[in-house]
Amino acid sequence: MSKAKAGQDQPVEIPDVLPILPLRNSVLFPGSIIPIDVGRRKSVRLVEDAIAKERPVIGILTQKDARTEDPNSGDLYLVGCAARILKVIKLAKDNFSVILQGVSRFEVTGFDGAEPFLAAKVRAVPDPTTSDVELDALVMNLKDIAKRVVKLMDAVPKEAGALVDSVTEPGHLADLITANLELEVNEKQDVLETFDIKTRTRKVLQFLSRQLEVLKVRERINTQVQEEMGRNQREYVLRQQLKAIKEELGELDDGGGDLDEFGEKILKAKMPEEAEKAAKKQLDRLKGMQPSSAEYTVTRTYLEWLVELPWSISTDDHIDLKEVRRCLDEDHYDLDKVKKRIVEYMAVRKLKDDKKGPILCLAGPPGVGKTSLGRSVARAIGRKFGRISLGGVRDEAEIRGHRRTYVGSLPGRIIQGIKKAGTNNPVFVLDEIDKLGHDFRGDPSSALLEVLDPEQNSTFSDHYLEVTFDLSKVMFIATANQLDPIPWALRDRLEIIELPGYTRQEKKQIARAFLVPKQLDEHGLGGAAKRAEITDDAVLEIVDSYTREAGVRNLEREIGSVCRGVAVKVAEGNAKEHEVVGVDEVHEYLGPIKFVSEVADRTSEPGVCTGLAWTAVGGDILFIEATKMPGKGKLTLTGQLGDVMKESVTAALSVVRSRAAALGLDPGNFLENVDLHVHVPAGSVPKDGPSAGVTMYTALVSLLIGVPVRPDVAMTGEITLRGNVLAIGGVKEKLLAAHRAGIKRVIIPDRNVKDLVDVPDEVKGEMEILSVKKMDEVLAYALSNPPQGILDLAAAAKADA
């Protein structure tokens, strides 16, 4: 058993075996008093056991790793500090706050049990009471530096300097300073384990000197900041005075620094005279402004926009027409109309290099490649590409920009896109031009009138720039799903090229050349390894049974789903070295078939007829159902029909009445005791337009004479009360829809025969396309087994024609 002093108290006896309390993230030094929270099971048991004794002494050892929850002997340092428990406060069950006072260093000679808490055999290591000249000098240095550190630390009370002076024992002084320094745990432990007082004092002197240098640097930084703030304030006052003097003398500041660079940039930009004059004027204003003013920032931003626009930068076009064709064909299948127009433009550019850029509008259903075609055109002719989406744009300032008086104002999207492209002749795509809106903030479509007019866009004026910019060299390509929402004045400025949907075989070719390789690569199944292959039959099965669209967007999505299914097999090691996806595998990956042909089932009874419709996403087939029931001649229409379509039904019924006798019906009372109901399925979808007139007429005649319509026939055309069939629109889209649905015979108005030139040969070869001028001809072609009277009417109609 050893004795050690505890401050001014009586000597404290340190037993040979001490209960050990592990300490985390801290080191206790002799003479120091620290509060700790005790909550671990063994530590709580130790405290409860210790406070039951008189003047308890325990051993404090620091953990090597603070994250260890239940430390054993190997997790603790072997040099610690014996401590008295001065006070214990119970915070909660199994949770104490304990105030400890360090008494003396000790060294562990061996551990004596781990339950109910750690205990260790210890050897006390008191500080020797030696003194010599070198130690005295070290102590003087230590006190001197410690007092200087206290002065530089605002958080430490000034009385701490007097406390340092009051300590006489060198070892106690070193421990006191170390306990209050911000050091790492291992550094403090190193001081605790240093028994030689001189060595310990030198180490502490080193740490204290480092702390002093850090505080000096911090003080110097604070001083510099304060001086800089004072300098800025003085500079502001002097600049204001200088500005007033310059104004009195009528002189302007010569400028300097980076403002001189603006002058060079203005010359390099090769602006038009008007723009250069405006830029130089704003630069002169900028030189006379205080940099801290708000107007300085606004003017500087305006100048940056002016000098960074590509006033004179343009790319050279690829004039080789063969190369242009090759690039277009490489990126897109079919779309011959657009490719022909681009090649024509480049041919004219070859002959006349100052030809203005065309303003095209690609109109067609989603997924046919309108937007991607713009990027392909840019690549083919060697120009930069820019694109803005106009869908939902309602503010005219989005096109023309905001005036500079507004906070945060910027140029419009057109000028921003030109700057981003970096040239004054990019291919610029205006996506979704049919989805522009308008409200109280203005009409963006009206702002586009100037942009898309070749006679005006050479002097396009943006509200922000306030100088004209030449857009005549830009090739604008607008895209739209429908032309009707585009205002007539804007539509008049566009060269419209319609892109209808693709045929079944065209989709197969597109999938084979573009979609399948792309999806295989994206899912890690393509490239040199080529781990998977999708057969043509599988592609056609996806086209027929899992998609019903004019474009190929959903087709690509379904091919991606198939690729993901194959990828799972490959990743799990269940796939062959070269996985081949056929029709059966498509059903396995995509599940039940989504689309089946309903034509045969829906037309197997009288009164049901198949029509053709045009929609924003391409053509579609339309079923017309008519039925009769006992009644008084009432006509009921359902299926969300528009006014024009309702009028078509009424007109069709009037034609039936006028020809009742020729059709084998009783002219006087065939409707006297029956009610008619005409319904167009898919009742949640609004429908309108006159082109279903012939279908309505055929359905009514089929119902009333009891003869069903052929299941493989579809028709389209507007009717008149005289029984004529008038022309309709969207012939190509409607024929493609009929082809997709498996229709074999299509009846169209005679006046639409000219439109068949745009219909793919594949469609014309696989369907019988019949043209008619009179309704009597329609019945002869459409009914399954037409009565002789109807055949006679058709023959007479043909003879009259």
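Residues numbered from 1 in each chain as written. Predicted model: local features only at pLDDT ≥ 70, side-chain atom pairs only at ≥ 80, totals over all residues. Heavy atoms only, no water.

## Some thoughts on the overall build of the protein chain
In plain terms, the rule: The helix and strand labels rest on DSSP assignments: H or I over at least four residues marks a helix, E over at least two residues marks a strand, and numbering proceeds from the N terminus. The atom set for the radius of gyration is the C-alpha atoms, and the globule formula is 2.2 Å times the number of residues raised to the power 0.38. When accessible area is computed with a 1.4 Å probe and restricted to protein chains, residues below 20% of their type maximum are described as buried, those above 50% as exposed, and intermediate ones as partly exposed. Every residue pair with non-hydrogen atoms within 4.5 Å of one another is taken to be in contact. For accessible areas, the Shrake-Rupley method is used with a probe of radius 1.4 Å. Any residue's cover is judged against the shown protein chains and nothing else. Under the counting rule used here, the positive set is Lys and Arg, the negative set is Asp and Glu, and His together with the chain ends is not counted. One atom stands in for each charge, and that atom is NZ of Lys, CZ of Arg, CG of Asp or CD of Glu.
Looking only at helices and strands, the protein chain has 27 helices and 26 strands in total. Taking 2.2 N^0.38 as the reference for a compact globule, 801 residues should give roughly 28 Å; the C-alpha atoms of the protein chain span a radius of gyration of 46 Å, well beyond that estimate. Along the first, second and third principal axes, the C-alpha atoms of the protein chain reach 140 × 85 × 60 Å. Considering the protein chain as a whole, with its 801 residues, one finds that 47% of them fall into the buried category. Sequence separation of at least 24 residues holds for 72% of the intrachain contacts in the protein chain that already meet a minimum separation of 6. Within the structure as shown, the protein chain displays about 40,000 Å² of accessible surface, and the carbon and sulfur contribution to it stands at 50%. Taken together, the 111 basic and 124 acidic charged side chains of the protein chain have centroids lying 1 Å from each other.

## Observations regarding unusual backbone geometry
Positive phi, normally seen in glycine, also occurs at N25, with a value near 60°. Tracing the backbone through its elements, the reader meets N25 in the loop between β3 (17-23) and β4 (33-38).

## A short note on the sheet that holds strand β15 (residues 495-498)
Our working definition: A pair of strands is treated as paired once DSSP finds two or more bridges between them. For helices, the fitted axis covers only the stretch in contact; all axes are lines through C-alpha atoms, and the angles between them, taken along N-to-C directions, range from 0 to 180 degrees.
Taking strand neighbours across the sheet as the criterion, the five strands line up as β10-β11-β14-β9-β15 in an open arrangement whose pairing is parallel. Looking at strand neighbours, the two that pair on one side only are β10 (385-389) and β15, the edges of this open sheet. Strand-to-strand twist of the sheet, defined as the mean angle between neighbouring strand axes without regard to direction, takes the value 20°. Its contacts with the sheet put helix α12 (residues 370-381) on β9 (359-363), β10, β11 (427-431) and β14 (475-480), and the angle it makes with β14 is roughly 160°. On the sheet, helix α14 (residues 413-421) packs against β10 and β11 and is oriented at approximately 140° with respect to β11.

## Focus: the packing of aromatic side chains
Using the following cut-off: Ring pairs shown here join Phe, Tyr and Trp side chains whose ring centres sit within 6.5 Å, with only the six-membered ring taken for Trp; geometry is labelled stacked below 30 degrees between planes, edge-to-face above 60, and tilted in between. Charges are assigned to positions over rings by a cutoff of 6 Å between ring centre and Lys NZ or Arg CZ, combined with an angular limit of 35 degrees from the ring normal.
Applying the stated criterion across every chain yields a total of three aromatic pairs. Each ring, one from W311 and one from F469, has its centre 5.0 Å from the other, and the planes form 50°; the classification is tilted. Remark: F469 occurs in strand β13 (residues 468-469) and W311 occurs in the loop between α9 (294-308) and α10 (321-331); sequence separation between them is 158 residues. What makes F469 buried here is its relative accessible area of 2%. The ring of F262 has K265 lying over it, and the distance from NZ or CZ to the ring centre is 5.7 Å.

## A short note on the pairing of strand β25 (residues 745-749)
So the rule is basically this: The handedness of a crossover follows from its direction of travel: if, with the strands pointing away from the viewer, the path from the first strand over the helix to the second runs clockwise, the crossover is right-handed.
Extensive coverage of β25 is indicated by the burial of five of its five residues. Direction of pairing for strand β22 (residues 713-715) relative to β25: parallel, over a ladder of three bridges. Bridged to V713 within β25 is R745. The pairing of β25 with strand β26 (residues 768-772) spans five bridges and is classified as parallel. Paired with V746 across the two strands is I769, which belongs to β26. Tracing the backbone out of β25, into helix α25 (residues 761-766) and back to the parallel element β26 gives a crossover that is right-handed.

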